Amino acid sequence: ATAESTLALETFVVNLAGSSQRAYLRVGITLGLAHPLPRGQAESVLTAVVRDTILSVLATAQPDELLKLEGKLQLKNELLKALQERVPQLAIENVYFTEFLVQM
(Lines give C-alpha, C1' and ligand atoms only; values in the text may rest on other atoms or scores of the structure.)
Protein backbone atom coordinates (compact mmCIF):
# COMPACT_ATOMS: atom_id res chain seq x y z
CA ALA A 1 0.00 0.00 0.00
CA THR A 2 1.22 3.48 -0.78
CA ALA A 3 1.74 6.00 2.01
CA GLU A 4 -1.22 8.30 2.34
CA SER A 5 -1.14 11.95 1.45
CA THR A 6 -2.35 14.49 4.02
CA LEU A 7 -4.38 17.67 3.85
CA ALA A 8 -4.04 20.00 6.84
CA LEU A 9 -6.99 22.35 7.33
CA GLU A 10 -7.15 25.67 9.12
CA THR A 11 -8.32 25.45 12.74
CA PHE A 12 -12.08 25.26 13.27
CA VAL A 13 -13.79 27.16 16.10
CA VAL A 14 -17.50 26.43 16.53
CA ASN A 15 -20.19 27.11 19.10
CA LEU A 16 -21.56 23.85 20.42
CA ALA A 17 -25.22 22.95 20.55
CA GLY A 18 -27.24 21.68 23.46
CA SER A 19 -25.55 23.27 26.42
CA SER A 20 -27.08 25.76 28.81
CA GLN A 21 -23.86 27.71 29.09
CA ARG A 22 -21.90 28.87 26.08
CA ALA A 23 -19.52 26.19 24.96
CA TYR A 24 -17.22 26.08 22.00
CA LEU A 25 -14.88 23.68 20.33
CA ARG A 26 -11.53 24.57 18.85
CA VAL A 27 -10.22 21.74 16.71
CA GLY A 28 -7.37 21.27 14.29
CA ILE A 29 -8.00 18.64 11.63
CA THR A 30 -5.71 16.95 9.15
CA LEU A 31 -7.18 14.53 6.64
CA GLY A 32 -5.47 11.37 5.46
CA LEU A 33 -6.06 10.89 1.72
CA ALA A 34 -5.53 7.74 -0.34
CA HIS A 35 -3.88 9.85 -3.06
CA PRO A 36 -2.60 13.45 -3.34
CA LEU A 37 -5.08 16.28 -3.69
CA PRO A 38 -5.43 17.71 -7.22
CA ARG A 39 -3.67 21.07 -7.36
CA GLY A 40 -5.12 24.32 -8.64
CA GLN A 41 -8.73 25.39 -8.95
CA ALA A 42 -10.19 22.02 -7.99
CA GLU A 43 -8.29 22.19 -4.73
CA SER A 44 -9.97 25.37 -3.46
CA VAL A 45 -13.46 24.14 -4.41
CA LEU A 46 -12.89 20.81 -2.68
CA THR A 47 -11.42 22.48 0.40
CA ALA A 48 -14.52 24.69 0.67
CA VAL A 49 -16.81 21.63 0.51
CA VAL A 50 -14.63 19.85 3.07
CA ARG A 51 -14.77 22.80 5.49
CA ASP A 52 -18.53 23.17 5.04
CA THR A 53 -19.07 19.45 5.71
CA ILE A 54 -16.86 19.50 8.80
CA LEU A 55 -18.56 22.60 10.21
CA SER A 56 -22.03 21.08 9.78
CA VAL A 57 -20.96 17.94 11.67
CA LEU A 58 -19.15 19.88 14.42
CA ALA A 59 -22.19 22.10 14.99
CA THR A 60 -24.23 19.08 16.13
CA ALA A 61 -21.64 17.85 18.64
CA GLN A 62 -22.54 17.80 22.35
CA PRO A 63 -19.95 19.38 24.68
CA ASP A 64 -20.31 16.73 27.40
CA GLU A 65 -19.72 13.94 24.90
CA LEU A 66 -16.60 15.60 23.49
CA LEU A 67 -14.93 15.55 26.89
CA LYS A 68 -14.95 11.73 26.79
CA LEU A 69 -12.64 9.64 24.64
CA GLU A 70 -15.59 7.75 23.12
CA GLY A 71 -17.17 11.07 22.16
CA LYS A 72 -14.04 12.17 20.32
CA LEU A 73 -13.84 8.84 18.50
CA GLN A 74 -17.51 9.03 17.56
CA LEU A 75 -17.02 12.57 16.22
CA LYS A 76 -14.04 11.40 14.19
CA ASN A 77 -16.14 8.57 12.68
CA GLU A 78 -19.03 10.95 11.90
CA LEU A 79 -16.65 13.36 10.18
CA LEU A 80 -15.07 10.57 8.14
CA LYS A 81 -18.46 9.21 7.04
CA ALA A 82 -19.82 12.66 6.09
CA LEU A 83 -16.67 13.55 4.15
CA GLN A 84 -16.59 10.23 2.30
CA GLU A 85 -20.21 10.82 1.25
CA ARG A 86 -19.80 14.46 0.18
CA VAL A 87 -16.34 14.41 -1.37
CA PRO A 88 -15.73 10.82 -2.49
CA GLN A 89 -13.21 12.02 -5.07
CA LEU A 90 -10.78 12.95 -2.28
CA ALA A 91 -10.63 9.31 -1.10
CA ILE A 92 -10.39 10.37 2.57
CA GLU A 93 -9.23 7.45 4.70
CA ASN A 94 -8.51 9.09 8.04
CA VAL A 95 -9.41 12.12 10.14
CA TYR A 96 -6.70 13.25 12.57
CA PHE A 97 -7.26 15.76 15.37
CA THR A 98 -4.12 17.88 15.69
CA GLU A 99 -5.67 20.11 18.37
CA PHE A 100 -8.81 19.57 20.45
CA LEU A 101 -10.13 22.00 23.03
CA VAL A 102 -13.62 22.16 24.47
CA GLN A 103 -14.23 25.44 26.31
CA MET A 104 -17.26 25.58 28.59
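For the structure given in this document, a descriptive report is provided here. (Residues numbered from 1 in each chain as written. Predicted model: local features only at pLDDT ≥ 70, side-chain atom pairs only at ≥ 80, totals over all residues. Heavy atoms only, no water.)

1. Regarding the pattern of salt bridges
Next up, step 1: All chains considered together, the criterion is met by 4 salt bridges.
Next up, step 2: The partner of Glu-99 in a salt bridge is Arg-26, and the shortest N-O contact between them spans 2.5 Å. Of this pair, Glu-99 sits in strand β4 (residues 92-103) while Arg-26 sits in strand β3 (residues 24-33), and the two are 73 residues apart along the sequence.
Next up, step 3: We classify Arg-26 as partly exposed; its relative accessible area is 32%.
Next up, step 4: As a salt-bridge pair, Lys-68 and Glu-65 come within 3.2 Å of each other at their nearest N and O atoms.
Next up, step 5: When its relative accessible area of 36% is taken as the criterion, Glu-65 is described as partly exposed. (Salt bridge = Lys/Arg side-chain N within 4 Å of Asp/Glu carboxyl O. Helix = DSSP H or I, 4+ residues; strand = E, 2+ residues; numbered from the N terminus. Buried < 20%, exposed > 50% of the residue type's maximum accessible area, 1.4 Å probe, protein only.)

2. Brief notes about unusual backbone geometry
Next up, step 1: With a phi angle near 50°, Ala-91 is a residue other than glycine that sits in the positive phi range.
Next up, step 2: Note that Ala-91 resides in the loop between α3 (69-86) and β4.

3. Concerning the nonpolar core
A general feature of soluble globular proteins is that nonpolar side chains tend to end up buried together.
Next up, step 1: Core analysis: the biggest nonpolar cluster contains 30 residues, and Leu-25, Ile-29, Leu-31, Ile-54, Leu-58, Leu-75 and Leu-79 have the highest contact counts within it.
Next up, step 2: Counting only elements with at least two residues in this core, the list comes to β2 (12-15), β3, α1 (41-58), α3 and β4. (Core = buried A, V, L, I, M, F, W, Y, C linked by side-chain atoms within 4.5 Å.)

4. A short note on the environment of Leu-80
Next up, step 1: By secondary structure assignment, the location of Leu-80 is in helix α3.
Next up, step 2: Between the alpha carbons of Leu-80 and Ile-54 there is a distance of 9.1 Å; along the sequence they are 26 residues apart.

5. A look at the pairing of β3
On any regular strand, side chains alternate: one points to one face of the sheet, the next to the other face.
Next up, step 1: Most of β3 is tucked away, with 8 of its 10 residues classed as buried.
Next up, step 2: As paired elements, strand β1 (residues 5-8) and β3 share 4 bridges and run antiparallel to each other. Counterpart to Ala-8 in the pairing with β3 is Thr-30.
Next up, step 3: Relative to β3, β2 runs antiparallel, the two sharing 4 bridges. Paired with Val-14 across the strands is Leu-25, a residue of β3. (Pairing = 2+ DSSP bridges.)

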